[in-house]
Amino acid sequence: MPTIERDAILARLATIPGPDGSGDIVSLGLVSDIVVNGGKVMFSITVDAARAGAMEPLRARAAEAVKALPGVESTLVILTAERKGGAGQASAHSHPHPPRAPAAPAASASGKPGIPGVGAIVAVASGKGGVGKSTTAVNLALGLAANGLKVGLLDADIYGPSVPRLLGLSGKPQTQDGRTLVPMQAFGIKAMSMGFLVEEDTPMIWRGPMVMSALTQMLREVAWAPLDILVVDMPPGTGDAQLTMAQQVPLAGAVIVSTPQDLALIDARKGLGMFRKVNVPVLGIVENMSYFLCPHCGGRSDIFGHGGARHEAEKLGVPFLGEIPLELAIRETSDAGTPIVATAPDSAHAAVYRTIASRIAAAVAGGAGAKPAPRIVIE
Ligand code: ADP
């Protein structure tokens, strides 16, 4: 199968005129990052929320143009609504409550109404992909459960849902009363992911302010309650899509996963900045793939010069939650759908996740409300 070049995709998309017939969708900056996964191509096109319905032909045209490229088996093209200054624009009409005035008492640090029966919602985020965010989110969720909490895991990574694979789950969630979805269960936690709702190779067709309403549904139309804590595996990166999600979800706080080398590259700082912008407290930084424990001799090697995250966290004034080693068993169990915290609870690695999980639980219980992130007002 030929590899699909992003440039070839962009060249195709550059032949499609913009929403008003002038320019093209690429040079107008409407095309998001393009994700190529085997023969599947995914991207989104930013449109005016008010005109989302009328933009469907544009979406279909873009999808067809890319589908015609050699090697492309399926496309997933989503229309995303433009963010216009005010919060909640994209999903305002699908939201059950009107946006609150800033002075109103907040149900969560972000000021969004909470979910009945769900204690706290915590985002696990990263500045970029591939740092082990999903693996960490899954094992921390299981670590919270091992510490005696009722836990749910929401996979908000709509482009590349990985929670079904990481938890070894397949099949479709049932509905209750024809509308509410019953979350899937694995290793004692509840889980929901877009990956359960669409076939792996079926292109998803999203209309309207789709991404946000999918997320809103996975939050509010799923029988999560009763939960002490809902862990949200955020999509990687700190672009507009993530910012919007961070704004929409009533988050108690956020945990940033970073590798030692990535901190130096400021990706994690971008993550911090993003949550601060939306006034969500950062509960702390977790350093993943921090050091290597040799399975043969037991010796420890600091491959990436570990310790960077601790220093950075200190400098940035956010708590350092702990470090997770680069470990073959973590990779193997994660990729096999048998996460280490659940399947090897006596291992040293499971203990590391449980310790970090208890720090997160403590921060949510005590710190988040008492010590809000500084309010930074941006235009
Ligand atoms: P992200 O969600 O940041 O894209 P993933 O959780 O999918 O990252 O992890 C990327 C890869 O790294 C996966 O193959 C996963 O098994 C592996 N991985 C994650 N954390 C560790 C770790 N601590 N040690 C070894 N492998 C890891």
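Note that the structure is predicted; figures quoted are calculated from it, not measured.

Structural notes on the environment of Gly130
- Position of Gly130 among the secondary structure elements: in the loop between β4 (118-125) and α3 (133-146).
- Under the relative-accessibility criterion, Gly130 is labelled exposed at 75%.
- In sequence terms Gly130 and Pro236 are 106 residues apart; their C-alpha atoms lie 8.3 Å from each other.

Thoughts on the nonpolar core
- Ile121, Leu153, Leu154, Leu167, Phe275 and Ile360 are the most contacted members of the largest nonpolar core, which totals 79 residues.
- Contacts of Leu167, omitting those with residues within four sequence positions, involve Val138, Leu153, Ala186, Phe187, Ile189, Ala191, Gly337 and Pro339.

Description of the site of the ligand
- Neighbouring the ligand are 17 residues; Gly130, Lys133, Ser134, Thr135 and Pro325 lie closest to it.
- Contacts to the ligand include Asn288, whose side-chain N or O atom sits 2.9 Å from a nitrogen atom.
- With respect to the ligand, the side chain of Asp335 contributes an N or O atom lying 3.1 Å from an oxygen atom.
- Taken by itself the ligand offers 570 Å² of open surface, and the protein chains cover 83% of this.
- Where the shell around the ligand is concerned, the elements lending two or more residues are α3, β12 (282-293), β14 (320-326) and α11 (328-335).

Quick word on the pattern of salt bridges
- All chains considered together, the criterion is met by three salt bridges.
- Between Lys133 and Asp233 there is a salt bridge, with its nearest N and O atoms 2.7 Å apart. Highlighted residues: Lys133 in helix α3 and Asp233 in strand β10 (residues 227-233), separated in sequence by 100 residues.
- Of the charged contacts in the structure, one is a salt bridge between Asp335 and Arg165, with a shortest N-O distance of 3.6 Å. Remark: Arg165 occurs in helix α4 (residues 163-166) and Asp335 occurs in helix α11; sequence separation between them is 170 residues.

So, the environment of Gly29
- By the secondary structure assignment, Gly29 is in the loop between α1 (6-13) and β1 (35-37).
- It is 9.7 Å that separates the C-alpha atoms of Gly29 and Gly18, two residues lying eleven residues apart in sequence.

Considering the side chain of Ser290
- The residue Ser290 is located in strand β12 in this model.
- On the basis of relative accessibility, which here comes to 0%, the residue Ser290 falls in the buried class.
- There is a polar contact of 2.5 Å between the side chain of Ser290 and the side chain of Glu287.

Points about the confidence of the model for the chain
- Per-residue confidence for the chain gives a mean pLDDT of 79, with 78% of residues at or over 70.
- Segment residues 83-108: pLDDT under 50, and 32 contacts once partners within four positions in sequence are set aside and those in other chains are kept.
- Counted against residues more than four places away or in other chains, residues 368-379, with its pLDDT under 50, gives 14 contacts.

Thresholds, definitions, all that
The numbering scheme is per chain: residues are counted from 1 as the chain's sequence reads. Selection of residues for local features in this predicted model requires a pLDDT of at least 70, selection of side-chain atom pairs for listing and counting requires 80 or more, and totals for whole chains, interfaces and linings are taken over all residues. As a rule here, side-chain values come from all non-hydrogen atoms in the structure, and water together with hydrogens is ignored. Every helix listed is a DSSP run of H or I at least four residues long, and every strand listed is a run of E at least two residues long, numbered separately from the N terminus. Whether a residue is buried, partly exposed or exposed follows from its accessible area with a 1.4 Å probe, protein chains only, as a fraction of its type maximum: under 20%, in between, or over 50%, in that order. What makes a nonpolar core is a set of buried Ala, Val, Leu, Ile, Met, Phe, Trp, Tyr and Cys residues whose side-chain atoms join them at distances within 4.5 Å. Here, two residues are considered to be in contact whenever any of their heavy atoms come within 4.5 Å of each other. Proximity is defined per residue: any heavy atom of the residue falling within 4 Å of a molecule or strand makes that residue near it. Any N or O atom pair separated by 3.5 Å or less is treated as a polar contact, with the protein-specific requirement of one donor-capable and one acceptor-capable atom, and with residues adjacent in sequence counted only for side-chain atom pairs. Per-residue accessibility takes into account occlusion by the displayed protein chains alone, with areas from the Shrake-Rupley method and a 1.4 Å probe. We define a salt bridge as a contact between a side-chain nitrogen of Lys or Arg and a carboxyl oxygen of Asp or Glu at a distance within 4 Å. Known as pLDDT, the predictor's confidence for each residue is given on a scale from 0 to 100.

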